[in-house]
Amino acid sequence: MAFNFGIMGAGRIARQFCDAARRLDGVEVAAVSSKNPDKASRFAEEENIGFSGGYEDMLAIKNIDAVYIATTHNFHHENALLCLRRGKPVLIEKPMATSRRQAGDIFDLAEKNSLFVMEAMWSRFHPHIRKAREWVADGAIGKPVTAHCAVGFIAHPDPESRLLNPALAGGAMYDLGVYAVELMTYLINKPVTGVKSEVVRGDTGVDVTDTVMLDFDGCAASLHTTFMASLPGSAAIYGTEGHIMVPRIIHSGESVLYRGGEVAERFEVNVENGFIYEIEETVRCVREGLTESPVVPHADTLLCCEIFDEVLR
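The rules behind the values
- Residues numbered from 1 in each chain as written.
- Predicted model: local features only at pLDDT ≥ 70, side-chain atom pairs only at ≥ 80, totals over all residues.
- Heavy atoms only, no water.
- Helix = DSSP H or I, 4+ residues; strand = E, 2+ residues; numbered from the N terminus.
- Buried < 20%, exposed > 50% of the residue type's maximum accessible area, 1.4 Å probe, protein only.
- Contact = heavy atoms within 4.5 Å.
- Phe/Tyr/Trp six-rings, centres within 6.5 Å; stacked < 30°, edge-to-face > 60°.
- Lys NZ or Arg CZ within 6 Å of the ring centre and 35° of its normal.
- Pairing = 2+ DSSP bridges.

## Looking at the side chain of T226
Here is step 1 of the chain: Among the structural elements, T226 can be located in strand β10 (residues 219-226).
Here is step 2 of the chain: Residue classification places T226 among the buried positions, given a relative accessible area of 6%.
Here is step 3 of the chain: With near-sequence residues (within four places) excluded, T226 lies in contact with V151, G152, F153, A172, L176, V208, T209 and L231.

As structure tokens, then:
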């Protein structure tokens, strides 16, 4: 029997989700919903989805097995709580929430109702990211000492865009910093014992450039995100016996292990749509009756939201 997703939100990211679902056997997007019925209807027609309508209409469909929330950041908290109150597991586009309080609300209700919730941190599932984490865990670079990550692009200056509009929870930390924080915590896999930051705000008041220093119990990681310049989207971890380079952390690519200044191992992968892995994980967890995924556990999302609070307060 097919696993049926419903989607909240009918924008670009939802189309990428639909494409990924079509690549998987036994997975279907059965419904799409939006606050704008006409937008949902056009989306459904273009993506060949059987049902379109409002949120409540979609959540009333019994055979919707889980909901993917693809709305703008400011609505994630509200949308997730609505789904959970209607008994639907949820996969929530990153950032799942914009504060520790919001994330706590979502997870508390999910646990109360024994429902699955996961932040859609798709990059954690990429094979080259998981390989890099495996190298760190196996001691291939010895003890991690320092690390860095840089993600950025030049955003269109439209003050009403979701990136720059504070009413839509715009800002570089929510849009890009979430990658840097959650991938570095995943790769190093040690407790964060300290947070320092510098924030530059733009004309609309949202942060446009962030530098965050995380102390992983002795391993110092510098994270740089910006809407003002093109950054490589890369990460590196340096240890006492070698280092790891990840040229592209967000999309599929490669990870390279260096020892003694030479390439010891290179892992390469090319995936046309990286959303397939988070979809597969959601299906697996819901069918097994789990309330959280070991790849993106609730504690990691809560930690990221605590860092949001610290950096943006």
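## Things to note about the packing of aromatic side chains
Here is step 1 of the chain: For the coordinates displayed, the defined rule picks out 6 aromatic pairs.
Here is step 2 of the chain: Residues F17 and Y68 carry aromatic rings whose centres are separated by 4.1 Å and whose planes lie at 10 degrees to one another, so their mutual orientation is stacked. One end of the pair, F17, is in helix α1 (residues 12-22); the other, Y68, is in strand β4 (residues 66-69), and 51 residues separate them in sequence. Accessibility assignment for this pair places F17 and Y68 in one class, buried.
Here is step 3 of the chain: Measuring from centroid to centroid gives 4.9 Å for W122 and F275, while their planes differ by 75 degrees, and the two rings are edge-to-face. Pair noted here: W122 is in the loop between β6 (117-120) and α6 (127-137) and F275 is in helix α8 (residues 275-287), with a separation of 153 residues, a long-range link. F275 shares its class with W122; the two are buried.
Here is step 4 of the chain: Taken together, the ring pairs connect F3, F5, F17 and Y68 into an aromatic cluster.
Here is step 5 of the chain: In this arrangement the basic side chain of R133 is found over the ring face of Y186, its NZ or CZ atom lying 4.3 Å from the centre.

## Focus: the pairing of strand β11 (residues 228-239)
Here is step 1 of the chain: Alignment of strand β7 (residues 144-154) against β11, held across 9 bridges, turns out to be antiparallel. Within β11, the position partnered with C149 by the bridge is A235.
Here is step 2 of the chain: Note: β11 against strand β12 (residues 243-246), 4 bridges, orientation antiparallel. When the bridges of β12 are listed, Y238 appears paired with H243.
Here is step 3 of the chain: A loop of 3 residues connects β11 with β12, the two strands running antiparallel in sequence.

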